[in-house]
Amino acid sequence: MIRPFSNRAIRYKSMVSVLISVGFMMSPGLSHAESILRVATTMADIPLTTGQPSQGAEGQRFIGNTLYDGLVGWDLSKADEPAVLVPGLATEWSVDDDTKTRWTFKLRDGVKFHDGSDFTAQAVVWNLDKLLNTSSPQFDQTQAAQAATYIAPIKAYKVIDDKTVEIETKEPDAVLPYLLSQVYMSSPARWNEVGGSWAEFAKKPSGTGPWMLEKLVPRERAELVKNPNYWNEARIPKSDRLVMFTMPDPTTRVAALLSGKVDWVEAPPPDTVPRLEKQGMKIVKNIYPHVWPYQLSHLDNSPFADINVRKAANLAIDREGLSGFLGGLAQPATGMVYEGHPWYGNPTFKIKYDPEEAKRLLAASGYGPKNPVKVKVAISTAGSGQMQPLPMNEFIQANWKDVGIDAEFEVMEWESLRAHRRAGAAAKENEGIHTINNSWGFWDPDIALLNTSWSAKPPPGGYNWGLFQRANTDELAAKAKAEFDPAKQDELLAKLHAAIVDEAMWVWVVHDLNPRALSPKVKGFVQAQSWFQDLSPVYVE
């Protein structure tokens, strides 16, 4: 059963305050000449603004990639093909042929932080120190925790000259450029200006991104204005102002859109889509590297240590029915990645709806109607990529009960769930929890397969929450991590994916189609096949 959510009154008051604040943004005191884009997010709070945002990929989408840049960026300009890496603050990079551990990054000329100071190699090293060097004055444990998996491979770094940085990894790591796309550059000059305080920096952040923070009201809204001096002229925002509201309640988001209080909502509930379309709203969706799973604990005291229970939990779910319940805004998952993906491979365990086989597997392990498997599941009320977590979990809870799995839900806010995930299954705060429902991505080999399945990558430096360990998957992961030939790496990743599906490492449920609802007045948006989206070309007509 779902534990009662005791904060309903708080949530109601929060919804009212959000709508009041949205109404304020409509007030005649604002200049009519100013072009404003108003977005309702699923977040309960504004992400960290110091450089490494909280709140998962949604935090990166709305704060990380707006206020900041990484050395490497993403091409988010196309809807008909997957997003790929492109030069960011670095124009080029290479790894030495001998050790495959020393990377050289050439930096872009003429880039300035929002405060007017220059972006240099010294600034890159300063930012790596804020995440890795605990003895540096600017070290920030909060940011380091958010960036832990991205910086984990880094052993050393140094300035070669003002426009060149060398980064050395602990071992050959072909995935490093992907990771550095999520290491954002904050201004050393601004940090010094505010007295060396990250708390003060958060109120007046300075990055190199296309947007600049003007105002922040915690748990309510952030107001960003365009950076007219952005180094990439093609991505100077078309809107003068971007206002993002925290609206974790989906009905509140929809009401705000229908009443004209916002222009864009993330993750509209499926049952509202017909009404939204009837009112002329645009429902935008696209495939992207997303899966909605249950990450399983493989500890000895977990029911999921038994492969029969893991397979039964996968076979018990009616994914087609769930996709229909979601109004066609999702497609069934048969693994971490979708069939046809280069990393899919040829798993022998076929994930499908087969409740009778699920019952047989449970019976073989001594479970049945009078002796059901009892599992505790940590779930969130909302969050980045979480889709509609409460009704979806209730749907699956019923499926599991039908075959002899009794699921109890521990409901928490998204950022709290992410903290549980970063701690790992063996942590004290996860005692008694057997699985977490944490949406997941597969935009690079690390997040998709290597750090999730490799026993050498437990949290916080890796993503192997459940401490899964198999000799064959460890070997494949190690080889793929060090393989710099993309085609050969794909072959290894396909074998690794097949192996973890055959082990039923997780319960994989559906792939989200990333729906958004936009006012018909919103123009210029291209929905990339990515967790990240470019808000720079978007404007309201």
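Just so we're clear, the structure is a prediction, and the values are computed from it rather than from any experiment. (Residues numbered from 1 in each chain as written. Predicted model: local features only at pLDDT ≥ 70, side-chain atom pairs only at ≥ 80, totals over all residues. Heavy atoms only, no water.)

Asker: Any chance you could explain the sheet that holds strand β1 (residues 36-41) here in plain terms?
Answerer: If you walk across this open sheet you meet the 7 strands as β8-β9-β10-β1-β11-β20-β12, and the pairing is mixed. The two strands at the open ends of the sheet, each matched to only one other strand, are β8 (211-217) and β12 (282-284). The mean angle between the axes of side-by-side strands here comes to 20°, regardless of whether they run parallel or antiparallel. In the sheet, β1 pairs with strand β11 (residues 264-266) via 2 bridges, with the strands oriented parallel. Each bridged residue has a counterpart across the sheet, and for Ala-40 the counterpart in β11 is Val-265. Here helix α9 (residues 250-258) sits on the sheet and contacts β1, β11 and β20 (516-518); the angle it forms with β11, its principal contact strand, is near 165°. (Pairing = 2+ DSSP bridges. Helix = DSSP H or I, 4+ residues; strand = E, 2+ residues; numbered from the N terminus. Axes fitted to C-alpha atoms, helices over the stretch in contact; angles between N-to-C directions. Contact = heavy atoms within 4.5 Å.)

Asker: Can you help me understand the pattern of salt bridges in this one?
Answerer: Opposite charge on two side chains permits them to pair, given that their charged atoms come into close proximity. Scanning the model with the defined rule gives 31 salt bridges in all. In this structure, Asp-534 and Arg-235 form a salt bridge, with 3.0 Å as the shortest nitrogen-oxygen distance. Placement of Asp-534 in the loop between β21 (522-523) and β22 (539-540) and of Arg-235 in the loop between β9 (221-226) and β10 (241-246) is noted, with a sequence separation of 299 residues between them. With a shortest N-O distance of 2.6 Å, Glu-266 and Arg-516 are connected by a salt bridge. Pair noted here: Glu-266 is in strand β11 and Arg-516 is in strand β20, with a separation of 250 residues, a long-range link. A relative accessible area of 1% places Arg-516 in the buried class. Salt bridges sharing partners connect three or more residues here, namely Glu-34, Glu-214, Glu-220, Arg-221, Glu-223 and Arg-241. (Salt bridge = Lys/Arg side-chain N within 4 Å of Asp/Glu carboxyl O. Buried < 20%, exposed > 50% of the residue type's maximum accessible area, 1.4 Å probe, protein only.)

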